[in-house]
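# Working through the structure, step by step
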Number of protein chains: 2
Amino acid sequence: MTPSRTTSGRTPGPAGQPAWELLLPAAGAPARRRGRALQEALREAVRSGRLAAGTRLPSTRELAADLGVSRGLVTEAYEQLTAEGYLRGERGAGTWVGGAVRVGGVASTGGGTASGVAATGGVAGAGGAGGVAGAPDVRVDFRPGVPDLSLFPRSAWAAAQRSVLARLPHRALGYPDPRGLPELRGALAGMLARRRGVVADPERLVVCSGVAQASTLLGFVLRARGLRAVGVEDPGSPEHGRLFASTGMETVWLPLDGEGLRPGPLAASGVRAVVVTPSHQFPSGIGWSAERRAALLDWARAVDGYVLEDDYDGDFRYDRAPVGALQGLDPERVVYAGSVSKSLAPGLRLGWTLVPEALLDEVVERKRTMDLGNPVLDQAVLAEFVTRGGYDRQLRRCQRAYRERRDALLAALAEHLPGTKVSGIAAGLHVIARVPARFGPPERFLARAAEAGVALRPLEEYGTARPADGDVRLVIGYAHLPPSAIAEGIGLLAGAVGGRVAS
Amino acid sequence: MTPSRTTSGRTPGPAGQPAWELLLPAAGAPARRRGRALQEALREAVRSGRLAAGTRLPSTRELAADLGVSRGLVTEAYEQLTAEGYLRGERGAGTWVGGAVRVGGVASTGGGTASGVAATGGVAGAGGAGGVAGAPDVRVDFRPGVPDLSLFPRSAWAAAQRSVLARLPHRALGYPDPRGLPELRGALAGMLARRRGVVADPERLVVCSGVAQASTLLGFVLRARGLRAVGVEDPGSPEHGRLFASTGMETVWLPLDGEGLRPGPLAASGVRAVVVTPSHQFPSGIGWSAERRAALLDWARAVDGYVLEDDYDGDFRYDRAPVGALQGLDPERVVYAGSVSKSLAPGLRLGWTLVPEALLDEVVERKRTMDLGNPVLDQAVLAEFVTRGGYDRQLRRCQRAYRERRDALLAALAEHLPGTKVSGIAAGLHVIARVPARFGPPERFLARAAEAGVALRPLEEYGTARPADGDVRLVIGYAHLPPSAIAEGIGLLAGAVGGRVAS
C-alpha cells in the first residue's frame, strides 16, 4: 500500500485521496472552460468511485490554491455538484462526496412512510398536454407544449440532408440497427454527457422517436417483468400515465412538494417504477433538491425499482448552469429520455433513451418489434447536425429567444395583472402563474379569457390538487409566442378579467 | 320499378343489369389505358354492389361489341378480375360476379375441417428474415430480404427534401396527426387504389413505419379484444410470428398448398386472425387462387376474424398485370399493409396500413402511444414523390432491373445446375429453386456453398415441412445483385457442388 496524506490530498494517492491537481487537465484553458472541466472531472471522479462516498473535499480556498484557479470557480463547481447530488455540504462545516451516486459502488437506502394516491395519470410538456394552436376563435394561445416552430433551422437542416444523401453508403439504406445509427449514438452520447451530465455510453443509448416512445418501450419491458403500476408526479403530465396505461400499467399519482417527490408517499405506494422531471418539474417548474434526488435513488435501489427521467426541457435554463441529469447519479436505476421536440421540432420524431444494462436487451427487442428502428436518413442528418455544432448553435438561439419571451411574459403579467405570483421561471418553456383571487373566481376567469380569445390551461388539469383559496393557477406556455403576441395576449386577458389594461 | 333487360344489359338499369357502355368512361383513350379503365370500372361496380354477386356478365364478344373495343381487351379484364376474385368463370359456360367481395353486401361462408399445427412463427421478405449482406467470407449473398439499395433515387429524393423544407408551413413541424400527414394519406390512397386495386379511403389509411409496425399495431389491438393466437402461412416468414408474439399472441402454422392456405386446417385451427401474402406468397412464390382468396374471406366473416395482408412485393410483377390486393374484396375484414422498403429503401421506415372501420380508432390510438406518428418531413417528401410521379418512375426502374436479374438467375441456374426447377418467378424479389438430389444432399450442398463463399437460405428455415426426397430447396434472393454477381455466384456454387462450371 502506498501511504497517502489525508488532509488536502496534495499527493497522488492511488487508493486514498486523489491528486486534486489531476482533476483539472486543461489548466491553460480560459476560465469558463476550466470551470466546466473541473465540474466534469469531479463528477467523473465521484462516479468512477475514485472519490468514495463520505470523502471530505478540500476547502474551496485550498483547492483553488492547489489548482491555481480562482476560488469562485471552485465554489461554483461545489455548488453545482451539490445541486446535482454528487456532493453534499454544510455551510461552514465542509463538503463531502454524497451517498446518492451509484455507478459501480454501494449506497445506503432512504425512504419513509405515508399514503400513495391512486388515480388516472399522464410526456411532460408534450403536445398531448395541449398547446396546438389554431382553433378559429383563439387569438393568443398560452397553452404549453410546443416550441417556436419558426425557429427550426431550415437551411442548416437542408444542408445536412444534402450532405447525408451525398455521402451515405448504399448499405446504410438497408434495415437499420434497431438501437440507432452508430454515428448518431456516438454524437448524442457526447452531447448529452457534455450538456446534461449523463453517463452516456453509446452502447446503452437507444435512438427512438421521442420521450413518448421511450415511455412505452419501458412500460412494456417493466410490465413483462411483472410490474403493474407506475408512479407519476402530482401535479404532472397526464400523458405519462396514458402512455404507461397503453402497456398495461396502472398509474399512481405521487404528491410533490417544493423539493420534489415526497419520500413517504412514494415508499408507501408500493410502486417500483416512477416517471419524474427532476431538472424542471412539469408543470410546477421546481428543480428537485439534492436531498430528494438522493432519496429517490435510495428508494429505487431499496425496492429494486426504476426511474424514468423525462428530461423534456433540460436544454433550457436561463439564469444559471443547468442542473445535471439525475441519470448521472445512478445510470443503473435511471432510464434517461430526451428528444429534439423542444430544441428542433416535434415533427421530427427523434429522441433518445439511455437504458440501464439490466434492461437494455429487452428495450432494444421492443424497439425492434415496434418499428425495426428509426428512419436512417433522419438519424444521419441529426448526427451531422450535432457533430458539426449545428445543434449547439440551435440551442443557443432558442435559449436567447425563450429567455426574451419569458421576460416579456413576466413584464406583462406584472403590468396587467399585478399581484400575480410567477414560479418555475428559471428554465423551460412555461411558467406557473398564480393570479390573485380578486381577478377570479377561476371558472369565470377562464370563461372570460376564452371569450376574449385567450387560450389558457389551468394547473388543476395536471393533478389532483384543488386549492380553495380562489386564486387562479395557470400553466402558461410562452416559448412559441413572439414577445408582441405575449404582450397582446396578457393585455387581452387583463381587459377580460378586470386587470390593468392601459399603460 | 323500371323494367330492365336481363340478357346482355345494353339498357341502363338502375337496379338490375348495368349499362355496360357506362363502364368505360374514357372511350377515346389509347388501348392500354382503356383496358385498365375497364378493369377498374368493373371492380368498382362489383364493390359498390351495382353488380351483385351471381350476376352473369355478357360474353367477351358481346361486351367488346357493345363497348367498341377489342375482344382481347375484355378477355384480359375478365381474366384479371377472375384472378383477383371479383369474377368467377367456367370455360365455355360464362362469367359471373363472384361471391367473395364484401364492401357493403352479404356473402356465403366457406371453410372446412382438419388440424392446425402449433409451432413457433414469422414480415415477409424483410431483413429480419435474413438478407443483410456482408459477412467477411461471403462473396455472393443470395439470401432474400433486401432490394438493390443502389437504386435508391438519391437526387430525386434530395430535390423533394429541398422542396418540402422550402414550402412546408411552420405549424406542420409540430406534433403530427398520428394517422399521418393528410397529403401523404391522400397520395398513398390514390396510388394504392390505382396500382394495387385496394379500397383506399384516406380516412382509413394510417401511415406507419412499415409492415412490421402494422403487424404490431394490429397484434396489440386484437390481443386487447381477447384474441390469443394468429395463424401464419407454412411455409412463411418466421418474422410474422415474432412480431405478433411481442404483442402477446401465439402463432399457429397453417399449411399451404399450391393454391393458398388450405381451408380445412384454417377452420380447424380455432384462430380468428391470420397473416397472409396472397399476391406472391412468401417464400413459395405462388399466387393464391381466386377460390382460396374467396374461401379465406368467407372464413373471416364466419369467425368474425381478420386477415392481415402483407403486400410485401406486390409492386413487382414481371410477366402479367399484378393481381389486385385481397383487401379490395373485403376492406372490412382485411387489414392491408405495405411499405417503401422494397421500392425505395428499408432504411426510410415508411409504410402504410389500411384498416377496417371497426378497428380504426384502436389502431390509431396504438400508433399514437407507440410513437405519436411518423416523422413529418419524411412523410411530406414521400407525398411529393408520389404526387409528382417519382414513385411510379422508381417502380418502373426497379421492375426493369429486377426482371433482368431474375432472367439472369434463371439462365445461370439452367446453365450451371441443370435439372433445377424454379418456381415463384412471376413476381417479387426471390424465387424458389429446387436443385436435384444429385447435387446434394442438402446439408453437404449448403456446407460446400458456404465454403465457396455463396450464402444461401434453405426453404426449410421458413416452415415445418422437411421433404425427404434429397432435393435441395432454396429461397434465392436476386433483386439486390447485379446480373454479373448472379452469374458469378451460381458459377461458384456449381463449382462447389459438382454442377457445370465451364460454358
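Residues numbered from 1 in each chain as written. Chains lettered and ligands numbered in written order. Predicted model: local features only at pLDDT ≥ 70, side-chain atom pairs only at ≥ 80, totals over all residues. Heavy atoms only, no water.

## Describing the overall build of chain A
Applied cut-off: Secondary structure elements follow DSSP: runs of H or I of four or more residues count as helices, runs of E of two or more count as strands, with numbering from the N terminus. Only protein chains enter the calculation, and the probe is 1.4 Å; a residue is then buried if its accessible area is under 20% of its type maximum, exposed if over 50%, and partly exposed in between. Residue exposure ignores everything except the shown protein chains as possible cover, and the areas themselves are Shrake-Rupley values with a 1.4 Å probe.
Each helix and strand counted, chain A has 14 helices and 16 strands in total. Within the span of chain A, comprising 503 residues, buried residues form 62% of the whole. If you sum the accessible surface of chain A, you get close to 18,600 Å²; carbon and sulfur atoms cover 52% of it.

## Regarding the interface of chain B and chain A
Think of interface size as the accessible area that goes away when the parts come together; that is how it is often given. Which entries qualify depends on this criterion: What makes two residues a contact is simply this: any of their non-hydrogen atoms within 4.5 Å. Throughout, buried area stands for the accessible area (probe radius 1.4 Å) lost by two parts on being put together, summed over both. For this analysis, a salt bridge means a side-chain nitrogen from Lys or Arg found within 4 Å of a carboxyl oxygen belonging to Asp or Glu. Under this definition, polar contacts are N or O atom pairs within 3.5 Å; protein pairs additionally need one hydrogen-donor-capable and one acceptor-capable atom, and for neighbouring residues in sequence, both atoms have to be side-chain atoms. Side-chain classes follow a simple rule in which Ala, Val, Leu, Ile, Met, Phe, Trp, Tyr, Cys and Pro form the nonpolar group, Asp, Glu, Lys and Arg form the charged group, and the remainder, Gly included, forms the polar group.
Taken residue by residue, the interface counts 50 residues in chain B and 50 residues in chain A. A per-residue breakdown of the area chain B buries against chain A is headed by Arg154(B), Leu165(B) and Tyr175(B), which together make up 19% of the total. Along the contact surface separating chain B from chain A lie two salt bridges. The partner of Arg368(A) in a salt bridge is Glu239(B), with the nearest N and O atoms 2.8 Å apart. Scanning the region where chain B abuts chain A turns up 26 residue pairs in polar contact (both at pLDDT 80 or more). Ranked by residues supplied to the side of chain B that touches chain A, first place goes to helix 4 (residues 154-167) of chain B with six residues. A class-by-class count of the residues in the side of chain B that touches chain A yields 23 nonpolar, 16 polar and eleven charged.

## Regarding a positive patch on the surface
Let me state the cut-off plainly: Here a patch means residues that are over 30% exposed by relative accessible area and free of salt bridges, tied together within 9 Å if like-charged and within 5 Å if nonpolar (Val, Leu, Ile, Met, Phe, Trp, Tyr). Residues scored as charged are limited to Lys and Arg (positive) and Asp and Glu (negative), so that His and the chain ends carry no count. A single reference atom marks each charge: NZ on Lys, CZ on Arg, CG on Asp, CD on Glu.
Taken together, the side chains of Arg393(A), Arg396(A), Arg397(A) and Arg400(A) present a region of like positive charge at the surface. Turning to its location among the elements, Arg393(A) is positioned in helix 12 (residues 390-416).

## Digging into the relation of the copies chain B and chain A
Formally: Copies overlap after least-squares fitting; the atoms used are the C-alpha atoms of residues with pLDDT of at least 70 in both.
Each copy superposes on the other: chain B lies on chain A with an RMSD of 0.1 Å after a rotation of 180 degrees and an axial shift of 0.0 Å. Taken together, the rotation angle and the small translation identify this as a two-fold axis. Of all interface residues in chain B, 100% are interface residues in chain A too; the two copies therefore contact each other through one and the same surface.

## Concerning the environment of Glu239(B)
Tracing the backbone shows Glu239(B) in helix 7 (residues 238-245). C-alpha separation for the pair Glu239(B) and Arg179(B), spaced 60 residues apart in sequence, amounts to 25 Å.

## Remarks on the pairing of strand 12 (residues 351-354) of chain A
Residues and elements named next belong to chain A. Under the convention used in this document: Whether two strands pair depends on DSSP finding at least two bridges between them.
Here strand 12 shows a buried face lined by Gly351 and Thr353 and a second buried face lined by Trp352 and Leu354. Of the pairings in the sheet, the one linking strand 11 (residues 334-339) to strand 12 comprises four bridges and is antiparallel in character. Among the inter-strand pairings, Gly338 is bridged to a residue of strand 12, identified as Trp352.

## A look at the packing of helix 10 (residues 357-371) of chain A against helix 6 (residues 211-224) of chain B
Filter applied, for reference: An axis is simply a line fitted to the C-alpha atoms; with a helix, the fit covers only the stretch in contact. Between two such axes, the angle follows the N-to-C directions and lies from 0 to 180 degrees. Any angle between 65 and 115 degrees counts as roughly perpendicular, while under 35 counts as roughly parallel, over 145 as roughly antiparallel, and the rest as oblique.
The interhelical angle for the contact between helix 10 of chain A and helix 6 of chain B, taken along N-to-C directions, is 100 degrees, at an axis separation of 5 Å. Compared by their axis directions, helix 10 of chain A and helix 6 of chain B come out roughly perpendicular. For the pair helix 10 of chain A and helix 6 of chain B, contact is made by Arg366(A), Thr369(A), Met370(A) and Asp371(A) and by Ala212(B), Gln213(B), Thr216(B) and Phe220(B), respectively.

## Description of the packing of aromatic side chains
Residue and element names in this part refer to chain A. Rules: The aromatic pairing rule takes the rings of Phe, Tyr and Trp, using the six-membered ring of Trp, and pairs them if the centres are within 6.5 Å, calling planes under 30 degrees apart stacked, those over 60 edge-to-face and the rest tilted.
Applying the stated criterion across every chain yields a total of eleven aromatic pairs over all chains. With 5.5 Å between their ring centres and 85 degrees between their planes, Phe282 and Tyr312 make a pair best called edge-to-face. Linking Phe282 in the loop between strand 9 (273-276) and helix 9 (290-302) with Tyr312 in the loop between strand 10 (306-310) and strand 11, this pair joins segments that are 30 residues apart in sequence. An identical accessibility class is assigned to Phe282 and Tyr312; each is buried.

## Let's talk about the confidence of the model for chain A
Residues and elements named next belong to chain A. This is how it is decided: Residue-level confidence of the predictor, termed pLDDT, takes values from 0 up to 100.
Confidence in the prediction of chain A, expressed as mean pLDDT, is 85, and 85% of residues score 70 or more. Taken as a whole, residues 104-122 scores under 50 in pLDDT and shows 42 contacts with residues more than four places along the chain or in a different chain. The low-confidence segment residues 127-136 (pLDDT under 50) makes 18 contacts with residues lying over four places distant or belonging to another chain.

## Remarks on the packing of helix 12 of chain A against helix 14 (residues 483-497) of chain A
Two quantities define a packed helix pair, namely the angle between the helix axes and the distance between the axes. Residue and element names in this part refer to chain A. Note the threshold: Crossings are classed by handedness, with left-handed meaning an anticlockwise turn of the near helix from the far one by less than a right angle and right-handed meaning a clockwise turn.
In the contact formed by helix 12 and helix 14, the axes pass within 9 Å of each other and the chain directions differ by 20 degrees. Looking at the two axes, helix 12 sits roughly parallel to helix 14. The chirality of how helix 12 crosses helix 14 is right-handed. Side by side, helix 12 and helix 14 meet where Glu404, Arg405, Ala408, Leu409, Ala412, Leu413 and His416 of the first sit next to Pro483, Ile486, Ala487, Ile490, Gly491 and Ala494 of the second. Residues that form the contact of helix 12 with helix 14 fall into these classes: nine nonpolar, two polar and two charged.

## Things to note about the pattern of salt bridges
Residue and element names in this part refer to chain B. One pass over the structure, following the stated rule, counts 66 salt bridges over all chains. Arg272 is paired through a salt bridge with Asp304; the nearest N and O atoms lie 3.9 Å apart. Here Asp304 lies in the loop between helix 9 (290-302) and strand 10 (306-310) and Arg272 lies in the loop between helix 8 (263-269) and strand 9 (273-276), a separation of 32 residues in the sequence. You can call Asp304 partly exposed: its relative accessible area is 41%. Between Asp469 and Arg473 there is a salt bridge; the shortest N-O distance is 2.7 Å.

## Quick notes on unusual backbone geometry
Residues and elements named next belong to chain A. The omega angle of the peptide bond from Asp234 to Pro235 is 5 degrees, so this bond is cis rather than trans. Checked against the element boundaries, Pro235 lands in the loop between strand 6 (229-234) and helix 7 (238-245). In this chain, Gly440 is followed by Pro441 through a cis amide linkage whose omega measures 0 degrees. Inspection of the secondary structure assignment puts Pro441 in the loop between strand 14 (430-435) and helix 13 (442-451). With a phi angle near 50 degrees, Arg349 is a residue other than glycine that sits in the positive phi range. With respect to the helices, strands and loops of the structure, Arg349 is situated in the loop between strand 11 and strand 12.

## Quick word on the sheet that holds strand 13 (residues 421-423) of chain B
Residue and element names in this part refer to chain B. The strand order across the open sheet built from three strands is 13-14-16, with neighbouring strands paired in antiparallel fashion. Each end of this open sheet is capped by a strand with a single partner; those strands are strand 13 and strand 16 (472-477). For this sheet the average axis-to-axis angle between neighbouring strands, irrespective of direction, equals 25 degrees. Summarising the sheet, strand 13 and strand 14 (residues 430-435) pair through three bridges and their orientation is antiparallel. If you follow Val422 over to strand 14, its bridge partner there is Ala433.

## Considering the environment of Ser237(B)
With respect to the secondary-structure elements, Ser237(B) resides in the loop between strand 6 (229-234) and helix 7. Between the C-alpha atom of Ser237(B) and that of Ala494(B), which follows or precedes it by 257 residues, the distance is 28 Å.

## Notes on the nonpolar core
What counts, and what does not: What is meant by a nonpolar core is a set of buried Ala, Val, Leu, Ile, Met, Phe, Trp, Tyr and Cys residues, joined one to another through side-chain atoms within 4.5 Å.
By size, the foremost hydrophobic cluster in this structure holds 149 residues, and its most contacted members are Leu382(A) and Leu382(B). Not counting chain neighbours up to four residues away, the residues in contact with Leu382(B) comprise Trp157(B), Leu184(B), Leu188(B), Val340(B), Leu344(B), Leu350(B), Trp352(B) and Tyr391(B). Listed in part, the 54 residues of the second largest apolar core include Ala273(A), Val335(A), Val363(A) and Val211(B).

## As for the state of the cysteines
Counted only if it meets this: Cysteine sulfur atoms are paired as a disulfide whenever they fall within 2.5 Å.
Within the structure shown, the criterion is met by zero disulfides over all chains. The closest cysteine sulfur to the non-disulfide-bonded Cys208(A) is located on Cys208(B), 18 Å from its own sulfur. Its relative accessible area of 0% is what places Cys208(A) among the buried residues. With no disulfide partner, Cys398(A) has as its closest neighbouring cysteine sulfur the one in Cys208(A), 20 Å distant.

## Examining the side chain of Ser279(B)
Residue and element names in this part refer to chain B. Summarising the element assignment, Ser279 is placed in the loop between strand 9 and helix 9. Of the polar contacts made by the side chain of Ser279, one reaches the side chain of Arg196; its length is 3.1 Å. Apart from the residues lying within four places of it in its own chain, the contact partners of Ser279 are Arg196, Ile286, Gly287, Arg293, Glu309, Asp311, Arg317, Val323 and Gly324.

## A few points about helix 11 (residues 376-387) of chain A
Within an α-helix, residues lying three or four positions from one another point in the same direction, as the helix has 3.6 residues per turn. All names here are of chain A. As a reminder of what qualifies: Expected helix span is given by 1.5 Å per residue-to-residue step, counting one fewer step than there are residues.
Between the first and last C-alpha of helix 11 there are 16 Å, a value that for twelve residues agrees with the 16 Å anticipated at 1.5 Å per step. Counting buried residues in helix 11 gives eleven out of twelve residues, a clear majority hidden from the surface. Of the positions making up helix 11, those classed as buried are Val376, Leu377, Asp378, Gln379, Ala380, Val381, Leu382, Ala383, Glu384, Phe385 and Val386. Of the residues one or two after helix 11, Gly389 is the one with positive phi, at around 90 degrees.

## Details of the sheet that holds strand 13 (residues 421-423) of chain A
All names here are of chain A. The strand order 13-14-16 describes an open sheet built from three strands, whose pairing is antiparallel. Both outer strands of the open sheet, strand 13 and strand 16 (472-477), are each paired with one neighbouring strand and no more. Sheet twist, expressed as the mean angle between neighbouring strand axes with direction ignored, is 25 degrees.

## Here's the deal with the side chain of Arg366(B)
Relative to the helices and strands, Arg366(B) is located in helix 10 (residues 357-371). For the buried Arg366(B), no salt bridge is present, and the opposite-charge side chain at shortest range is Glu365(B), 8.0 Å distant. When neighbours within four sequence positions are excluded, Arg366(B) is seen to be in contact with Phe220(A), Ser246(A), Leu217(B), Phe220(B) and Val221(B).

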